[in-house]
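# Observations on chain architecture
So you can see what is in the structure, the chains are spelled out below.
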Amino acid sequence: MAETIEQTFEREVQQELFRLKVREDARRRYDEERLASLGLPIGVMAGDPISADVDELIPWMVPQHGGALLTGAKNEGKSLTSVEMQHSVLTGTPLWGHIVPKRTVTRTVHFMGEHHSYVLQQLIQNKLKFPSGLNMRIFGPEHLGDRRIIVSNGIRRNIAVDTYKKLAEGAGLIVFDPIASFIQGTENAENDNTAMRQLVMSMLEVASENSAACLILAHKGKPIFQEGKKMERYTYATRGASAVEDALASILYLSRIGKDGSLYEIEQVHYKGPKADGPFKLHRSKETLRHTLLI
């Protein structure tokens, strides 16, 4: 006897329900097997001995973990300062003549998201005149190509993150210069807290994968004027989303002081570690652009 339409419908429904249950159970078993193969992190106990490598790379400035942010206005010397830091940790030479790095590294990597690698090469070779044998690898946008962007329209690009991890292999310090050039999307992408936090966490992941410290450079936001007076911001002065500063362990502001372009200061705005007594006052040589710390 032939099935009625109602019977056929019910039979098809039961078969589809069965298939859905099979797929759901298969997915559950797959997730359980995958989790078992990956293993679970055990964390640490609060009273366990602190690991010797959980420390600073550069005292008061660059922690070994958690990332550092160096924020400054355009052309104030963020890249210059980051190169001096790399030179210090590569050679063991005291930074600015006084700050001894906690350890040295065998390699640093500087990712430039804008301009061209020769801009940094010219600075290092023609002005700073650091030795040519430094193991400081520079990747400019001309090298990174379409893998430069880490977050696009709020979505992390895993192929880019994996590329950066590979390029940074063996590095003890990784620099991203500047943060805004590694994200794209809407006009307000730089102000999107969720997207910018994802960008910062991806950069920290690149560093963590290589057991390296991470230094991120950023631009200051536009100055605020009240009644014709320029008002300085002492927190959250970094351009864009506040999540950038919230996500990092060290926040440093680079500023020019005076009018002749030879005096600068770096202020330790936020640091999850030893606090500095005050801002670091720096004299910049007009000939070499090298800084000297004014004690």
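Attention in this report is confined to the structure presented alongside it.

Each value, and the rule that gives it
- Every chain is numbered independently, its residues counted from 1 as its sequence is written.
- Reporting in this predicted model follows two pLDDT cut-offs: at least 70 for local features of residues, and 80 or more for side-chain atom pairs to be given and counted; totals over whole chains, interfaces and linings ignore these cut-offs and use all residues.
- Hydrogens are left out, water is left out, and the side-chain values use all remaining heavy atoms of the structure.
- Each helix is a run of DSSP H or I of at least 4 residues and each strand a run of E of at least 2, with the numbering of both proceeding from the N terminus.
- Only protein chains enter the accessibility calculation, which uses a 1.4 Å probe. A residue is then buried if its area is under 20% of the maximum for its type, exposed if over 50%, and partly exposed in between.
- Any two residues whose heavy atoms approach within 4.5 Å are treated as being in contact.
- The term polar contact refers here to a pair of N or O atoms within 3.5 Å; inside protein, the definition further demands a hydrogen-donor-capable atom paired with an acceptor-capable atom, and it admits residues adjacent in sequence only when both atoms are side-chain atoms.
- Pairs of strands are assigned from DSSP output, requiring at least two bridges between the strands.
- Salt bridges are defined as contacts in which a side-chain nitrogen from Lys or Arg sits within 4 Å of a carboxyl oxygen from Asp or Glu.
- Helix axes use the C-alpha atoms of the stretch in contact, all axes being lines fitted to C-alpha atoms, and the angles between their N-to-C directions lie in the range 0 to 180 degrees.

### Regarding the environment of His116
With respect to the secondary-structure elements, His116 resides in the loop between strand S4 (108–112) and helix H3 (117–128). Taking the relative accessible area as the measure of exposure, His116 reaches 31% and is therefore partly exposed. Excluding anything up to four places from it in sequence, His116 contacts Pro141 and Glu142. Side-chain polar atoms of His116 contact the side chain of Glu142, separated by 3.5 Å.

### Side note on the side chain of Gln86
Within the element layout of this structure, Gln86 appears in helix H2 (residues 78–91). Overall, Gln86 belongs to the buried group, its relative accessible area being 0%. A polar side-chain atom of Gln86 sits 3.0 Å from a polar atom in the side chain of His110. Residues within four places of Gln86 in sequence aside, it is in contact with Thr108, Val109, His110, Met136, Leu173 and Val175.

### What about the pairing of strand S13 (residues 250–257)?
With 6 of its 8 residues buried, S13 lies for the most part within the structure. Of the strand pairs in this sheet, strand S3 (residues 68–72) and S13 are connected by 5 bridges, and their pairing is parallel. Across the sheet, residue Ala68 finds its bridge partner in S13, namely Ser250. Strand direction decides the pairing type here: S13 and strand S14 (residues 263–271), joined by 8 bridges, are antiparallel. Its bridge partner lying in S14, Ile257 is registered against Leu263. Hairpin remark: S13 followed by S14, antiparallel, with 5 residues in the connecting loop; positive phi at Gly258, about 80°.

### Considerations on the pattern of salt bridges
Where charged atoms of side chains with opposite charge meet at close range, the side chains can pair. Across all of its chains, the model carries 16 salt bridges by this definition. It is possible to trace a salt-bridge network through shared partners that takes in Asp25, Arg28, Arg29 and Glu32.

### With respect to the sheet that holds S4
Overall, mixed pairing links the 9 strands, which are arranged S5-S4-S8-S10-S3-S13-S14-S15-S16 in an open sheet. Of all strands in the sheet, those bounded by a partner on one side alone are strand S5 (136–139) and strand S16 (291–293). For this sheet the average axis-to-axis angle between neighbouring strands, irrespective of direction, equals 20°. Against the sheet, H2 engages S3, S4, S5, strand S8 (173–177), strand S10 (213–219), S13, S14, strand S15 (280–284) and S16, with an angle of about 165° to S10. Relative to S5, H3 is tilted by about 145°, and along the sheet it contacts S4 and S5.

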